[in-house]
Amino acid sequence: MSRPDELISIIRAEFPDDRLTFQKTVATFHPESTEEAAKLISLAGKHKQKLYITGFGNNIDPIDEPFTSMVTIRTDRLNDILDVSAPDLYVKLGAGFPIREVNKHIESEGLFMAHSALPYVGSVGGSIAVNLSAELSGHHLPIKKYLVRAEIVTGGGDVITPGSACFKSVSGYDIVKIFAQSWGLLGLVVSATFRVVPLAAADEFATMKMNAIDREHFLDGLRETNEGPDAIYSRKIKEKFDPHGILPIV
């Protein structure tokens, strides 16, 4: 497969030089803002260019085929702690921030993030994409339970901010949860806000064990051969958020 030369030329003309690199021959775009990510994804839709979203590349390393015909979006520069609120018990993080580093930065505020204590070597966005989960005293603890808000660029290039950091929000389906375990196939998570607990409660999570990452649940629902009601609904969601089909299953 040849490189996506048309979009590469546009990136070089539209963005600062350092936004485009080649990681083991694969064209890689490093957005530093929501606006840059939205512009790139909109251009990809216009030119029918396939994209692959990655954090650190720990779960799927985007090298060689089939990635040489795609442009990879890497979130490594969206790596800030954007807001911490001890009174309201939340932390807002850039998608490229290493999730294992969160507790080191919020403990001074008297806060604790349960999933930061797991041995998951990946980014905040990656933990959402795989719906990082654990078991604690027989209870299932997926990260989406604590995901309350996110800023997302959909596959259509639209910027949405589903969810709320408030304890009381409007009733109805919590759309932000859809992006947990979506494997980057619905859009790019730019930042995410999580509910955290007081540091004094950290001991309650001491026996928490990380679950194996489930690669198949969401992906199986996107396969046309699956005619189950959940699968049909998953494909409708995929079409809604990625109308140009630029985020393919790899």
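Residues numbered from 1 in each chain as written. Predicted model: local features only at pLDDT ≥ 70, side-chain atom pairs only at ≥ 80, totals over all residues. Heavy atoms only, no water.

Helix and strand content of the protein chain: six helices and 14 strands. Its C-alpha radius of gyration of 18 Å places the protein chain within 12% of the 18 Å reference for a compact globule of 250 residues. Once the C-alpha set of the protein chain is aligned to its principal axes, its extents read approximately 55 × 45 × 35 Å. Counting across all 250 residues of the protein chain, residues that qualify as buried make up 51%. Residue pairs at least 24 apart in sequence account for 64% of intrachain contacts in the protein chain once pairs closer than 6 positions are excluded. For the protein chain, the accessible area works out to roughly 12,100 Å², and carbon and sulfur atoms hold 51% of it. In the protein chain, the 26 positive side-chain charges and the 32 negative ones have mean positions that sit 2 Å from each other. (Helix = DSSP H or I, 4+ residues; strand = E, 2+ residues; numbered from the N terminus. Rg over C-alpha atoms; globule rule 2.2 N^0.38 Å. Buried < 20%, exposed > 50% of the residue type's maximum accessible area, 1.4 Å probe, protein only. Contact = heavy atoms within 4.5 Å. Areas by Shrake-Rupley, 256 points an atom, 1.4 Å probe, with all protein chains shown as cover. Lys, Arg positive; Asp, Glu negative; His and termini not counted. Charge placed at Lys NZ, Arg CZ, Asp CG, Glu CD.)

With that out of the way, let us pick up the sheet that holds strand β14 (residues 209-210). Strand order across the open sheet formed by three strands is β9-β8-β14, with antiparallel pairing between neighbours. The sheet is open, and its two borders are formed by β9 (139-142) and β14, each paired with just one other strand. Across four bridges, strand β8 (residues 133-136) lies against β9 in antiparallel orientation. Residue pairing in the sheet places E135 in a bridge with H140 of β9. (Pairing = 2+ DSSP bridges.)

What follows concerns the layout of surface pockets. The rolling of a water-molecule-sized probe over the atoms marks out the regions of remaining empty space. Taken as a whole, the largest pocket holds about 490 Å³ of empty space. Together, 34 residues line the largest pocket, and Y52, I53, A129, W183 and G184 are the ones closest to its centre. Sorting the residues of the lining of the largest pocket by element identifies β3 (51-54), α4 (124-129) and β12 (187-195) as the ones contributing at least two each. Counting residues per element, the lining of the largest pocket draws most heavily on β3, at four residues. (1 Å grid on protein atoms, 1.4 Å probe; cavity = no way out; pocket = protein on both sides within 12 Å on 5 of 7 lines; lining within 4 Å. Points joined across faces, edges and corners; volume = space filled by probe spheres on them.)

The terminal C-alpha atoms of helix α2 (residues 34-46) lie 18 Å apart, and with 13 residues this matches the ideal 18 Å at 1.5 Å per residue to within 8%. Taken residue by residue, α2 has T34, E36, A37, A38, L40, I41, L43, A44 and G45 as its buried positions. After α2 finishes, the residue K48 shows a positive phi value of roughly 55°. (Expected span 1.5 Å × (residues − 1).)

So, about the nonpolar core. Residues M113, F194 and F205 are the most contacted members of the largest nonpolar core, which totals 44 residues. Those elements that provide at least two residues to this core are β6 (90-94), α3 (102-106), β7 (111-112), α4, β8, β10 (147-154), β12 and α6 (229-241). Dropping the residues within four chain positions of it, F205 is found in contact with F112, A114, L136, L141, Y146 and V197. One finds I8, A37, A44 and L247 within the second-largest nonpolar core, a separate group that totals 24 residues. (Core = buried A, V, L, I, M, F, W, Y, C linked by side-chain atoms within 4.5 Å.)

Right, let's get into the pairing of strand β5 (residues 81-85). A regular strand places its side chains on the two faces of the sheet in alternate fashion. Where β5 and β6 come together, four bridges link them in antiparallel fashion. Paired with S85 across the two strands is Y90, which belongs to β6. Linking two consecutive strands that pair antiparallel, namely β5 and β6, is a turn of four residues; a positive phi of about 55° is found at L89 within it.

Reading across from one edge, β1-β2-β4-β3 is the order of the four strands in this open sheet, with mixed pairing throughout. Taken across any chain shown, the strands that pair with only one partner, and hence form the sheet edges, are β1 (20-23) and β3. When the angles between neighbouring strand axes are averaged without regard to direction, this sheet yields 35°. Pairing of β1 with strand β2 (residues 26-29), which is carried by four bridges, proceeds in the antiparallel orientation. Bridge pairing links Q23 to V26 in β2. (Axes fitted to C-alpha atoms, helices over the stretch in contact; angles between N-to-C directions.)

Bringing the environment of E224 into the picture now. Here E224 lies in the loop between α5 (217-222) and α6. Residues E224 and R235, spaced eleven residues apart in sequence, show a C-alpha to C-alpha distance of 8.4 Å.

Here we come to the environment of I81. Within the secondary structure, I81 sits in strand β5. For I81, a relative accessible area of 29% translates into the label partly exposed. Here the alpha-carbon distance between I81 and T68, two residues 13 residues apart in the chain, equals 32 Å.

Before going further, it helps to spend a moment on the pattern of salt bridges. If charged atoms from side chains of opposite charge come close, those side chains can pair. Scanning the entire structure with this criterion turns up eight salt bridges. Where R19 meets E36, a salt bridge forms, and the shortest distance between an N and an O atom there is 2.8 Å. In this pair, R19 is assigned in the loop between α1 (5-14) and β1 and E36 in helix α2, connecting sequence segments 17 residues apart. Each member of the pair, R19 as well as E36, is classed as buried. For D242, the salt bridge goes to K238, with nearest N and O atoms at 2.8 Å. For the pair D242 and K238, a shared accessibility class is recorded, and that class is buried. (Salt bridge = Lys/Arg side-chain N within 4 Å of Asp/Glu carboxyl O.)

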